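Structural description and commentary
What follows is each chain in one-letter form.
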Number of protein chains: 2
Amino acid sequence: MSLTVTYYVAASLDGFIAREDGSLDWLIPYEDDPEVAADFPAFEQSIDSLVMGRKTYEFLLSLDIWPHAGKVGWILSSKAHKPLAPDMTISRLTPVQVIEAANARGCRHLWLAGGGAIAGAFQQAGLITDYRITYVPVLLGYGVPLFGLGAAPTPLKTVNVKNFSCGLTQIHSQRVLKKESEKGVS
Amino acid sequence: MSLTVTYYVAASLDGFIAREDGSLDWLIPYEDDPEVAADFPAFEQSIDSLVMGRKTYEFLLSLDIWPHAGKVGWILSSKAHKPLAPDMTISRLTPVQVIEAANARGCRHLWLAGGGAIAGAFQQAGLITDYRITYVPVLLGYGVPLFGLGAAPTPLKTVNVKNFSCGLTQIHSQRVLKKESEKGVS
């Protein structure tokens, strides 16, 4: 059984996941849309584990909430943070070590919860299998890029496109297997 | 009658319109798809004018072709290029001057043909009314961003999403009028 690693994230049309100061205020107009509000819980039901970076975790710490009860969590940080839930490893693991740990735990579906720097590190290591990027009709111009400092060029294939009536567009794509990608980008 | 200014462009899922060296090789696998091949001619029928930067024009010069016969063209460059067609202005106009010239000529629909730097300049000046970005299932990681050095934060509204069976996704969005955007991003 292989592990699915999904980068599920919202982005502006120009590819930013947060403003330069980390702000997500541009998502607020869509939060109460019923179709949008239903999307994440449906995704979360499909995952058994998640990994996030320090800044994303510190945001949850500031709210003192762990909205992912029952999931195995890896927080990639060298700080001694307070754990918000029992099944949580707070350590400076590499992306490969996280995947090894998730496989050792028998995980089947890991959510790469961000931020961009962590996504970039997993991407560079070739460890993301699925991308579910929800494009929001806004241009931010500057901010945190989808893959931090950059991603390795990677051909993908589109699995599904979900059009939300409020104007969001979720593109679900997957890494192309070696054989399939021979005529694509490398 | 107002002028529609459309940025019609293909981009990677992470928001780049070309590799760092300007290469568009990642588009080649899609060029022969009949649905893709039919999209641009349909768009081109709707425009009467276009504007492009020096690099985009030099690419056409290198091929010695002007595929936009019958359109009014502005090439933003300070070089003394060879004109490829009669109705072409090659000059270092500002984005505002281009819009003034297009209005003076009675143009109704201007295509902002790129590249990213020109798109960024028009975006910063608030002159783009329509965005038709075709997302290609590929991550480039680095390259020419959709809006060059950055765009002014701009809330948009989705007008239409076109799903190509080969996996491309074209999101057509429009600038939100002032009144509509009050609760959005500014």
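Preceding this section is the structure that the text describes.
Presented here is an overview of the structure given in this document. (Residues numbered from 1 in each chain as written. Chains lettered and ligands numbered in written order. Predicted model: local features only at pLDDT ≥ 70, side-chain atom pairs only at ≥ 80, totals over all residues. Heavy atoms only, no water.)

**Regarding the side chain of glutamine 170 of chain B**
Residues and elements named next belong to chain B. Along the polypeptide, glutamine 170 turns up in strand E11 (residues 169-175). Within the structure, the side chain of glutamine 170 is placed 2.9 Å from the side chain of aspartate 39, a separation counted as a polar contact. Dropping the residues within four chain positions of it, glutamine 170 is found in contact with Tyr8, Asp39, Arg132, Ile133, Thr134, Asn160, Val161, Lys162 and Phe164. (Helix = DSSP H or I, 4+ residues; strand = E, 2+ residues; numbered from the N terminus. Polar contact = N/O pair within 3.5 Å; in protein donor to acceptor, adjacent residues only side chain to side chain. Contact = heavy atoms within 4.5 Å.)

**Brief notes about the interface of chain A and chain B**
At the junction of the two partners, chain A supplies 39 residues and chain B supplies 39 residues. With both sides pooled, the region where chain A packs onto chain B buries about 2,700 Å², and carbon together with sulfur makes up 61% of that total. Viewed at the interface, chain B and chain A are joined by zero salt bridges. Counting across the interface, chain A meets chain B through nine residue pairs in polar contact (both at pLDDT 80 or more). (Buried area = accessible area lost by both parts, 1.4 Å probe. Salt bridge = Lys/Arg side-chain N within 4 Å of Asp/Glu carboxyl O.)

**Digging into the side chain of aspartate 39 of chain B**
All names here are of chain B. Looking at where aspartate 39 falls in the secondary structure, it is placed in helix H2 (residues 34-46). Within the structure, the side chain of aspartate 39 is placed 2.6 Å from the side chain of tyrosine 8, a separation counted as a polar contact. When sequence neighbours within four positions are dropped, the list of residues in contact with aspartate 39 reads Tyr8, Arg132, Lys162, Phe164 and Gln170.

**With respect to the relation of the copies chain A and chain B**
The transform that puts chain A on chain B rotates by 180° and translates by 0.0 Å along the axis, for an RMSD of 0.0 Å. On the angle and the small slide along the axis, the relation comes out as a two-fold axis. Among all C-alpha atoms of chain A, that of glycine 15 of chain A lies closest to the rotation axis, at 2.5 Å. Interface residue correspondence from chain A to chain B reaches 100%, placing this contact among same-surface, isologous pairings. (Least-squares fit on C-alpha atoms with pLDDT ≥ 70 in both.)

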